[in-house]
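A look at the structure
Here are the chains, one letter per residue:
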Amino acid sequence: MVHKLSGRLSFVLLIAIIVILATGIISFGLSPIAPLLVAIGLIMIVARLCGVSWLTSQAALIKGLESGIAPIFLFLLIGAMIALWSSTGVIPTMIWAGFKILNPTWFLPTALMTMAVVGTVIGSAFTTLSTVGVAFMGIGTLMGLNPALVAGTLLSGAIFGDKSSPLSDSTNLASAISETDLFAHIKNLMWTTLPALILTLLLAVGFGLGHETHQDISQQSSAMMAVLQPTWWAIVPIFVLIVTAFLKIPAVAALTINIFVSSIAFLADHSVQSWSVLLVDGFKTTSTDPTLTALLNRGGMASMMSTVMIILLALAMGGLLNGLGILKAVMAPVAKHLKSSRSVILATLATGIAANFLVGEQYLATILPGQLFKDSFKRVNLSPLALGRTIEDSGTVMNYLVPWGVAGAFAAQTLHVSVIDFAPFTFFAILSPVMSVVTAFTGIGLKQKKQ
């Protein structure tokens with residue numbers, strides 16, 4: 001669609017949107033829902049004043065929503081699975097086992113690497129966070145660690161796994177956009193991904209060594225651990241999750257299978273009516289201990305609805321910005337004037353990061369810079385592998401740091417920690433574009449186009 005807004009007006013509109021979102025969320029502490037709604041209204045009114053019909057804006061908005069159907073359905077399934085895993089003892093067992101095995105000093109680096117390995121095997125940061133991540137979050141809370149630090153560490157591991165897995169949708173997307181072999185793309189990613197992970201690991205070790213478990217917290221945690229009863233059943237759904245990942249079964253189908261298996265265990269001791277309520281409203285423990293209720297009262301499809309609202313509004317705004325050509329009106333002229341490999345990489349990184357904050361959807365934030373700068377990479381003689389890595393280091397990972405982003409909103413809902421709180425501790429996501437900048441300036445690992 002040819003854009004109807006001038007480049008200058010589009011730029012002013014983008015700045016206005018950033019101000020609205022930042023002021024509402026950071027300054028007033030609002031949920032992203034109201035600021036997003038204001039931003040959508042502003043875009044549609046400005047577009048109409050510039051001659052764009054209401055129907056055209058509406059069509060762009062609806063097209064933006066289409067990309068959210070799959071993740072929204074996935075979130076509903078994850079909500080149901082978390083409720084079942086909590087009620088059938090899977091998550092309590094994982095918390096119990098982790099607390100017995102792990103030492104608080106080495107908890108953060110252990111959690112980071114475990115999340116990284118599980119994420120690589122499963123190929124989905126969302127699934128990793130909603131299973132192993134929820135358990136680790138509970139363990140870290142019982143150990144008295146800063147919840148924001150724990151959440152950021154868990155996210156860092158999950159993002160690494162998602163980014164490094166051949167099963168990952170985002171990794172396959174970046175490979176397809178850059179028109180490169182998937183495994184060559186993953187191998188080339190390691191030039192920035194491994195240094196970012198190593199630095200994150202060192203930071204996790206440092207924070208762990210600096211943590212002291214106070215005696216009162218230790219005693220309280222031990223008392224709560226007595227309430228968490230492990231069950232052999234926990235092995236079954238975890239095994240099913242691993243098998244479905246090994247067989248490369250898509251996420252929606254894999255979660256549906258796991259929900260079916262977990263439901264059998266629940267229905268062995270409960271009525272169909274209780275099962276129905278559990279899927280919708282989530283698990284509610286009978287304990288009155290506030291820490292245990294915070295740990296275990298999770299899941300249910302209804303718990304995902306605030307996240308779904310944020311995602312729908314963010315995707316609607318992204319559909320308007322993309323469908324009306326506002327983003328391209330600003331970035332396309334920039335792409336034409338890039339003359340060096342360094343400037344191309346920096347511009348691609350900046351566009352990927354900006355797109356995440358403006359569009360709220362990591363796939364579109366990966367696709368947009370990939371399309372805009374593909375010719376620029378060719379012009380400065382850089383390999384398509386360099387393009388694929390650059391859009392991964394910005395478009396893919398940064399969405400977890402956006403409060404109204406699909407990934408950020410999901411992580412906040414699942415881990416019960418706000419994006420504003422865990423973002424400063426999600427070191428891997430912060431360091432990934434930094435490592436890309438380092439390669440741009442040093443040339444290390446920067447592949448040139450074959451002549």
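- With an unreviewed UniProt entry as reference, the protein chain is termed Sodium:proton antiporter, source organism Leuconostoc carnosum.
- We quote the UniProt Subcellular location (unreviewed entry) comment for the protein chain here in full: "Cell membrane".
- Quoted verbatim from the Sequence similarities (unreviewed entry) heading of the UniProt record, the comment on the protein chain is "Belongs to the NhaC Na(+)/H(+) (TC 2.A.35) antiporter family."

**Quick word on the overall build of the protein chain**
- Looking only at helices and strands, the protein chain features 23 helices and zero strands.
- Relative to the globule expectation of 22 Å for 451 residues, the C-alpha radius of gyration of the protein chain, 22 Å, shows essentially globular dimensions.
- Taken over the C-alpha atoms alone, the protein chain extends approximately 65 × 50 × 40 Å along its principal axes.
- Buried residues in the protein chain amount to 55% of all 451 residues.
- For the protein chain, restricting intrachain contacts to residue pairs at least 6 apart in sequence, the fraction spanning at least 24 positions comes to 79%.
- Of the roughly 18600 Å² of accessible surface on the protein chain, 70% is carried by carbon and sulfur atoms.
- A gap of 17 Å separates the mean positions of the 21 positive and 15 negative side-chain charges of the protein chain.

**Description of the packing of aromatic side chains**
- Using the criterion set out here, one finds eleven aromatic pairs in the structure.
- Arranged with centres 4.8 Å apart and planes meeting at 20°, the rings of Phe 75 and Phe 410 form a pair that is stacked. With Phe 75 in helix α4 (residues 69–87) and Phe 410 in helix α21 (residues 406–415), the pair connects residues that are 335 residues apart, well separated along the chain.
- Under the relative-accessibility criterion, Phe 75 is labelled buried at 0%.

**Focus: the pattern of salt bridges**
- Under the counting rule described, the total for this entry stands at two salt bridges.
- The shortest N-O distance in the salt bridge between Glu 179 and Lys 374 comes to 3.4 Å. Of the two residues, Glu 179 is situated in the loop between α9 (169–178) and α10 (182–209) and Lys 374 in helix α19 (residues 362–379); the sequence distance between them amounts to 195 residues.
- Judged by its relative accessible area of 23%, Lys 374 falls in the partly exposed class.

**Structural notes on the packing of helix α7 (residues 125–142) against α21**
- α21 packs onto α7 with a crossing angle of 30° between their chain directions and a minimal axis gap of 10 Å. Comparing their axes, α21 and α7 come out roughly parallel. Viewed along their axes, α7 and α21 form a crossing whose handedness is right-handed. Where α7 approaches α21, its residues Phe 126, Leu 129, Ser 130, Gly 133, Val 134 and Met 137 are matched on the opposing element by Val 406, Ala 407, Phe 410, Ala 411, Thr 414 and Leu 415.

**Notes on helix α20 (residues 384–396)**
- Here α20 contains 13 residues, and its C-alpha end-to-end distance of 17 Å stays within 8% of the 18 Å for a straight helix at 1.5 Å per residue.
- Counting buried positions along α20 yields twelve of 13 residues, so the element is predominantly enclosed.
- Every buried residue of α20 is accounted for by Leu 385, Ala 386, Leu 387, Gly 388, Arg 389, Thr 390, Ile 391, Glu 392, Asp 393, Ser 394, Gly 395 and Thr 396.
- Residues of α20 that are buried in the fold lie against α8 (147–164), α9, α10, α18 (341–359), α19 and α23 (427–442).
- Where α20 begins, the side chain of Ser 383 points an oxygen toward the backbone nitrogen of Leu 385, at a separation of 3.1 Å.

**As for the confidence of the model for the protein chain**
- Per-residue confidence for the protein chain averages 86 on the pLDDT scale, and 94% of its residues sit at or above 70.
- Per-element averaging of pLDDT across the protein chain places helix α11 (residues 215–225) at the bottom with 52 and helix α14 (residues 272–281) at the top with 95.

**Regarding the environment of Val 90**
- Topologically, Val 90 is positioned in helix α5 (residues 90–101).
- Judged by its relative accessible area of 0%, Val 90 falls in the buried class.
- A sequence separation of 147 residues divides Val 90 from Pro 237, and the C-alpha atoms of the two residues are 7.9 Å apart.

**Some details on helix α2 (residues 33–49)**
- Counted at 1.5 Å a residue, the expected span for α2 with its 17 residues is 24 Å, and the 25 Å between its end C-alpha atoms agrees.
- For α2, the full list of buried residues reads Pro 35, Leu 36, Ala 39, Ile 40, Ile 43, Met 44, Val 46 and Ala 47.
- The elements touched by buried residues of α2 are α1 (7–27), α3 (54–66), α16 (305–323) and α17 (326–336).
- Phi for Gly 51, located one or two positions after α2, is positive at around 100°.

**Describing a nonpolar patch on the surface**
- A cluster of nonpolar side chains, contributed by Phe 11, Val 12, Ile 15, Ile 18 and Val 19, occupies part of the molecular surface with about 440 Å² of accessible area.
- Within the fold, Phe 11 resides in helix α1.
- On the basis of relative accessible area, Phe 11 is assigned to the partly exposed category, the value being 47%.

What counts, and where the lines are drawn
- Residues numbered from 1 in each chain as written.
- Predicted model: local features only at pLDDT ≥ 70, side-chain atom pairs only at ≥ 80, totals over all residues.
- Heavy atoms only, no water.
- UniProt positions renumbered as here; feature names shortened; annotations may be inferred.
- Helix = DSSP H or I, 4+ residues; strand = E, 2+ residues; numbered from the N terminus.
- Rg over C-alpha atoms; globule rule 2.2 N^0.38 Å.
- Buried < 20%, exposed > 50% of the residue type's maximum accessible area, 1.4 Å probe, protein only.
- Contact = heavy atoms within 4.5 Å.
- Areas by Shrake-Rupley, 256 points an atom, 1.4 Å probe, with all protein chains shown as cover.
- Lys, Arg positive; Asp, Glu negative; His and termini not counted.
- Charge placed at Lys NZ, Arg CZ, Asp CG, Glu CD.
- Phe/Tyr/Trp six-rings, centres within 6.5 Å; stacked < 30°, edge-to-face > 60°.
- Salt bridge = Lys/Arg side-chain N within 4 Å of Asp/Glu carboxyl O.
- Axes fitted to C-alpha atoms, helices over the stretch in contact; angles between N-to-C directions.
- Parallel < 35°, antiparallel > 145°, perpendicular 65-115°, else oblique.
- Left-handed = near helix turned anticlockwise from the far one by under 90°.
- Expected span 1.5 Å × (residues − 1).
- Polar contact = N/O pair within 3.5 Å; in protein donor to acceptor, adjacent residues only side chain to side chain.
- pLDDT = per-residue confidence, 0-100.
- Patch = residues over 30% accessible without salt bridge, like charges linked within 9 Å, V, L, I, M, F, W, Y side chains within 5 Å.

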